[in-house]
Amino acid sequence: ACRKVGANYLLNVGLTGAGKVPLIQEAYFDGIGDWIRATGNVIYTAKPCGISEDDKNFALADGKRLFFFVHNLSLIGNENVTVSGGYAFGNRNFHGVKGKIRCVHWTDNGEALSFSQDGETVSIHCTGYPYGRNLVVRVAEAELE
């Protein structure tokens with residue numbers, strides 16, 4: 001959410017009496033690192049670009065690429081092992097897109113996503129998380145023509 005407005009987030013950690021990072025916080029850092037690697041470090045390179053969405057989703061730009069940050073997705077899997085939650089999956093509508101989009105895919109697994117574009121509005125059909133993986137915020141990369 002900080003990147004949405006071009007800000008940075010300072011994370012402070014209190015060390016143990018032995019001067020080490022507590023194990024639980026180390027696990028959080030590992031999870032954050034996994035997410036950053038899954039998004040291709042876009043959190044560091046892309047900038048706010050004025051693209052908005054009806055919910056808390058947002059977009060950043062890096063050259064001829066746009067990155068759509070999508071919240072509240074559900075898991076996809078066999079109904080015997082998954083429970084519905086979030087607001088599932090489906091279309092997310094982003095407004096203020098300058099230029100024509102060529103293709104869209106998830107950064108975490110490369111899955112191609114269907115989309116439609118009407119002027120400066122892009123509707124991306126977002127799929128849910130594969131079972132066993134939930135990164136809270138999923139990032140879709142779009143290439144501009």
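Quick look at the structure, then. As the structure is a computational prediction, the values presented were derived from the model and not from experiment.

Bringing the pattern of salt bridges into the picture now. Enumeration over the complete set of coordinates arrives at six salt bridges. A salt bridge links R37 to D34, with the nearest nitrogen and oxygen atoms 2.8 Å apart. One end of the pair, R37, and the other, D34, are both in helix α1 (residues 23-38), three residues apart, so they sit about a helical turn from each other. Residue classification places R37 among the exposed positions, given a relative accessible area of 58%. Between D62 and R65 there is a salt bridge whose closest N-O contact spans 2.7 Å.

Moving on to the sheet that holds strand β9 (residues 121-126). Strand-to-strand pairing in sheets goes through backbone hydrogen bonds, with the strands running parallel or antiparallel. What the four strands build is an open sheet, ordered β2-β6-β9-β8; its pairing is antiparallel. Both edges of this open sheet fall to β2 (52-53) and β8 (115-118), since each of them pairs with a single strand only. Looking at chain direction, β2 and strand β6 (residues 90-95) are connected through two bridges and run antiparallel. Residue pairing for β6: E53 is matched across the bridge by F94.

This part takes up the sheet that holds strand β3 (residues 58-62). What the five strands build is an open sheet, ordered β1-β3-β4-β11-β7; its pairing is antiparallel. The open sheet has two free edges, formed respectively by β1 (47-48) and β7 (101-106), since each of these has just one partner strand. Where β1 lies against β3, two bridges are found, and the strand directions are antiparallel. The residue of β3 that forms the bridge with P48 is L60.

On to α1. Along its 16 residues, α1 runs 23 Å from first to last C-alpha, staying within 8% of the 22 Å computed at 1.5 Å per residue. Among the residues of α1, those classed as buried are G33, W35, I36 and A38. Packing partners of the buried residues in α1 comprise α2 (42-45), β4 (65-70) and β11 (138-144). Among the residues trailing α1, G40 stands out with phi positive, at a value near 70°.

Criteria and cut-off values
Residues numbered from 1 in each chain as written. Predicted model: local features only at pLDDT ≥ 70, side-chain atom pairs only at ≥ 80, totals over all residues. Heavy atoms only, no water. Salt bridge = Lys/Arg side-chain N within 4 Å of Asp/Glu carboxyl O. Helix = DSSP H or I, 4+ residues; strand = E, 2+ residues; numbered from the N terminus. Buried < 20%, exposed > 50% of the residue type's maximum accessible area, 1.4 Å probe, protein only. Pairing = 2+ DSSP bridges. Expected span 1.5 Å × (residues − 1). Contact = heavy atoms within 4.5 Å.

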